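Results of the structural survey
Below, each chain spelled out in residue letters.
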Amino acid sequence: PRHHFFRYRLALLISMIIIVPVGYVVRFAKEPGPAWLHDALGSLAYEIFWILLVAFFLPKASPLWTAVGVCLATCAVEFLQLWQPPFLQAARATLPARLVLGNSFAWSDFPSYFIGSFLGWIWMRKLSRNTWGKE
């Protein structure tokens, strides 16, 4: 029914509104903890955000395939950081492109992408079950 669709998208929207500031706070916090931990936690939030965003625009998509697709896409974006042509360097000089494309390749980001995708899959499934009554 229509109200389930609305409730699901509303739950996704509220989730995104929550995860974005949480991601920024943990990524850019100076204390407590080491910088690598803040970076990893920020990457988890980044991954979850993209899963929620895809689910918002494709609400009937499978949570599993959404999480897998986002994980593959973010891994591809990470590898794209190895490519440094002038047009990408110019784009990365802007905040929006830097937030989406990143600016430096790091193997250490991949575990966060995989864990974040798993958490995003769980999050999407939970919202889906609570609003649609199914997976």
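Look up: the structure comes first, before these words.
Residues numbered from 1 in each chain as written. Predicted model: local features only at pLDDT ≥ 70, side-chain atom pairs only at ≥ 80, totals over all residues. Heavy atoms only, no water.

Turning our attention to a nonpolar patch on the surface. On the surface, F6, L10, L13, I14, I17, I18 and V22 cluster together into a nonpolar patch covering about 640 Å² of accessible area. Under the relative-accessibility criterion, L10 is labelled partly exposed at 36%. (Patch = residues over 30% accessible without salt bridge, like charges linked within 9 Å, V, L, I, M, F, W, Y side chains within 5 Å. Areas by Shrake-Rupley, 256 points an atom, 1.4 Å probe, with all protein chains shown as cover. Salt bridge = Lys/Arg side-chain N within 4 Å of Asp/Glu carboxyl O. Buried < 20%, exposed > 50% of the residue type's maximum accessible area, 1.4 Å probe, protein only.)

Compared with an ideal rise of 1.5 Å per residue, which puts 23 residues at 33 Å, helix 2 (residues 35–57) spans 33 Å between its outermost C-alpha atoms and is within 8% of the ideal. Among all positions of helix 2, only H38, G42, S43, L44, A45, Y46, E47, I48, I51, L52, A55 and F56 are buried. In this structure, the buried residues of helix 2 make contact with helix 1 (2–28), helix 3 (63–80), helix 5 (95–101) and helix 6 (109–131). (Helix = DSSP H or I, 4+ residues; strand = E, 2+ residues; numbered from the N terminus. Expected span 1.5 Å × (residues − 1). Contact = heavy atoms within 4.5 Å.)

A few words on the packing of aromatic side chains. Counting across every chain of the model gives 14 aromatic pairs. For the pair F56 and F57, a centre-to-centre distance of 5.4 Å together with 90° between the ring planes defines the contact as edge-to-face. Judged by its relative accessible area of 57%, F57 is exposed. Geometrically, the ring pair formed by F79 and W107 is edge-to-face, given 5.7 Å between the ring centres and 80° between the ring planes. With F79 in helix 3 and W107 in the loop between helix 5 and helix 6, the pair connects residues that are 28 residues apart, well separated along the chain. Classification of W107 as exposed rests on a relative accessible area of 60%. Members of the aromatic cluster, joined through ring pairs, are Y46, F49, W50, F79, F105, W107, F110 and Y113. (Phe/Tyr/Trp six-rings, centres within 6.5 Å; stacked < 30°, edge-to-face > 60°.)

The next thing to look at is the packing of helix 2 against helix 3. A pair of packed helices is characterised by two quantities: the angle between their axes and the separation of those axes. Between helix 2 and helix 3, the shortest axis-to-axis distance is 9 Å and the interhelical angle comes to 125°. Classified by the angle their axes make, helix 2 and helix 3 are oblique. The interaxial crossing formed by helix 2 with helix 3 has right-handed handedness. When helix 2 is examined against helix 3, the residues Y46, E47, W50, I51, V54 and A55 are found in contact with a partner set consisting of T66, A67, V70, C71 and T74. Classifying every residue of the contact of helix 2 with helix 3 gives 8 nonpolar, 2 polar and 1 charged. (Axes fitted to C-alpha atoms, helices over the stretch in contact; angles between N-to-C directions. Parallel < 35°, antiparallel > 145°, perpendicular 65-115°, else oblique. Left-handed = near helix turned anticlockwise from the far one by under 90°. Nonpolar A, V, L, I, M, F, W, Y, C, P; charged D, E, K, R; others polar.)

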